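# Close look at the chain arrangement
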Amino acid sequence: LNPLSLNDALPICHLIILLYDSVTNSVFESQVLKPYHALVRSGRFSTMTIISYEKQEFLKAQDSHRVTRLLRADYPDLIIHFLERPLLWGFFSLRAPIKQLQKVLDRQPPHVLVARGPISGYIAQHARGITTQELTIQARGLLYEEYVMTTVQAPWYLKPLHHYRAYQFKKIEQAAYTSAVS
């Protein structure tokens, strides 16, 4: 997604970026924060919120407070929400993240929602509310293929688990991207 390709016909509104892969991801600043914050500075959006699903350890260790302070030092107008990311086992395990996001979105002004990746996209499709003016699912990598490649050397006794998880990832990808274009 080119951030500049977002619908220019919309009135100036709030921008919300949804992440499932964490603000600690190595490409967060270069591919998320800087390009989208530039749109806020240009006047295309009034404000920007990052909603990031994080592992429970990140939230418990107070890392979220440290990261928030660091980000706000460079981006003082940035709003950040951290939500708990459960272990992903398929569609049923996404019910809680959908409910979490619905509660946050219900309190937001009219906004454009950008979901990075298929998991965020699936969650956003099912959580979007009446104030969501536009939803963009930003395709980034192939979840299924990446997972298969990273688990190819797994021990034989873990293979059934990895095959099941890969299958679930493929189904989530298909659901997110198929619904996005229909």
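Overview of the structure. Per-chain numbering applies: the sequence of each chain, read as written, is numbered from 1 onward. In keeping with the model being predicted, local features are shown solely for residues with a pLDDT of at least 70 and side-chain atom pairs are shown and tallied solely at 80 or more, while totals for entire chains, interfaces and linings include all residues. Only hydrogens and water are set aside; all other atoms, that is, all heavy atoms of the structure, feed into the side-chain values.

## Brief notes about the overall build of the protein
Note the cut-off: Runs of H or I in DSSP of at least four residues are treated as helices and runs of E of at least two as strands, each being numbered from the N terminus. Partly exposed describes any residue whose relative accessible area lies between the buried limit of under 20% and the exposed limit of over 50%, with all areas from a 1.4 Å probe on protein chains only and scaled to the type maximum. Whether two residues are in contact is decided by their heavy atoms: any pair within 4.5 Å suffices. Method for areas: the Shrake-Rupley scheme with a 1.4 Å probe, in which residue coverage is limited to the protein chains shown. The charge count treats Lys and Arg as positive and Asp and Glu as negative. His and the chain ends do not count. Charged groups are reduced to one reference atom each: NZ for lysine, CZ for arginine, CG for aspartic acid, CD for glutamic acid.
Helices and strands together make up the secondary structure of the protein, namely seven helices and five strands. Along the chain direction, N to C, the helices and strands of the protein fall in the order β-α-β-α-α-β-α-β-α-β-α-α. Evaluated residue by residue, the protein yields a buried proportion of 46% over its 182 residues. Look at the contacts in the protein between residues 6 or more apart in sequence, and 72% of them connect residues 24 or more apart. For the protein, the accessible surface area stands at approximately 9,800 Å², while carbon and sulfur atoms represent 58% of it. The protein carries 20 positive and 14 negative side-chain charges, and their two centres are separated by 5 Å.

## Describing the sheet that holds strand 1 (residues 13-19)
What links the strands of a sheet is backbone hydrogen bonding, and the strands pair in either a parallel or an antiparallel sense. The condition is simple: Here the rule is simple: two strands pair whenever DSSP picks up at least two bridges between them. Where helices are involved, their axes are fitted lines through C-alpha atoms of the stretch in contact, as for all axes, and angles between N-to-C directions lie from 0 to 180°.
If you trace the five strands from one edge of the open sheet to the other, you get 3-2-1-4-5, paired in parallel fashion. For this open sheet the edge positions go to strand 3 (79-84) and strand 5 (132-138), each flanked by a neighbour on one side alone. Geometrically, the sheet is characterised by an average inter-axis angle of 20° between neighbouring strands, direction not taken into account. Bridge count for strand 1 against strand 2 (residues 45-54) is six bridges, and the pairing is parallel.

## Considering the packing of aromatic side chains
When we look at a pair of aromatic rings, we describe it by the centre distance and by the angle of the planes. Note the cut-off: Pairing of aromatic side chains requires ring centres within 6.5 Å, counting the rings of Phe and Tyr and the six-membered ring of Trp. Pairs whose planes differ by under 30 degrees are stacked, by over 60 edge-to-face, and all others tilted. Charge-over-ring contacts are defined here by two conditions on Lys NZ or Arg CZ: a distance within 6 Å of the ring centre and an angle within 35 degrees of the ring normal.
The full count for this structure, using the stated rule, is three aromatic pairs. Each ring, one from tyrosine 20 and one from tyrosine 53, has its centre 5.5 Å from the other, and the planes form 40°; the classification is tilted. Of this pair, tyrosine 20 sits in the loop between strand 1 and helix 1 (28-41) while tyrosine 53 sits in strand 2, and the two are 33 residues apart along the sequence. Residue classification places tyrosine 20 among the buried positions, given a relative accessible area of 8%. By relative accessible area, which is 0% here, tyrosine 53 ends up buried. With a centroid separation of 5.7 Å and an interplanar angle of 90°, the aromatic rings of tryptophan 156 and tyrosine 157 are classed as edge-to-face. With relative accessibility at 70%, the residue tryptophan 156 sits in the exposed group. Since its relative accessible area comes to 54%, tyrosine 157 is described here as exposed. When the ring centre of phenylalanine 45 is taken as reference, the NZ or CZ atom of arginine 44 above it lies at 4.4 Å. Directly above the ring of tryptophan 89 sits arginine 165, whose terminal nitrogen or CZ lies 5.1 Å from the centroid.

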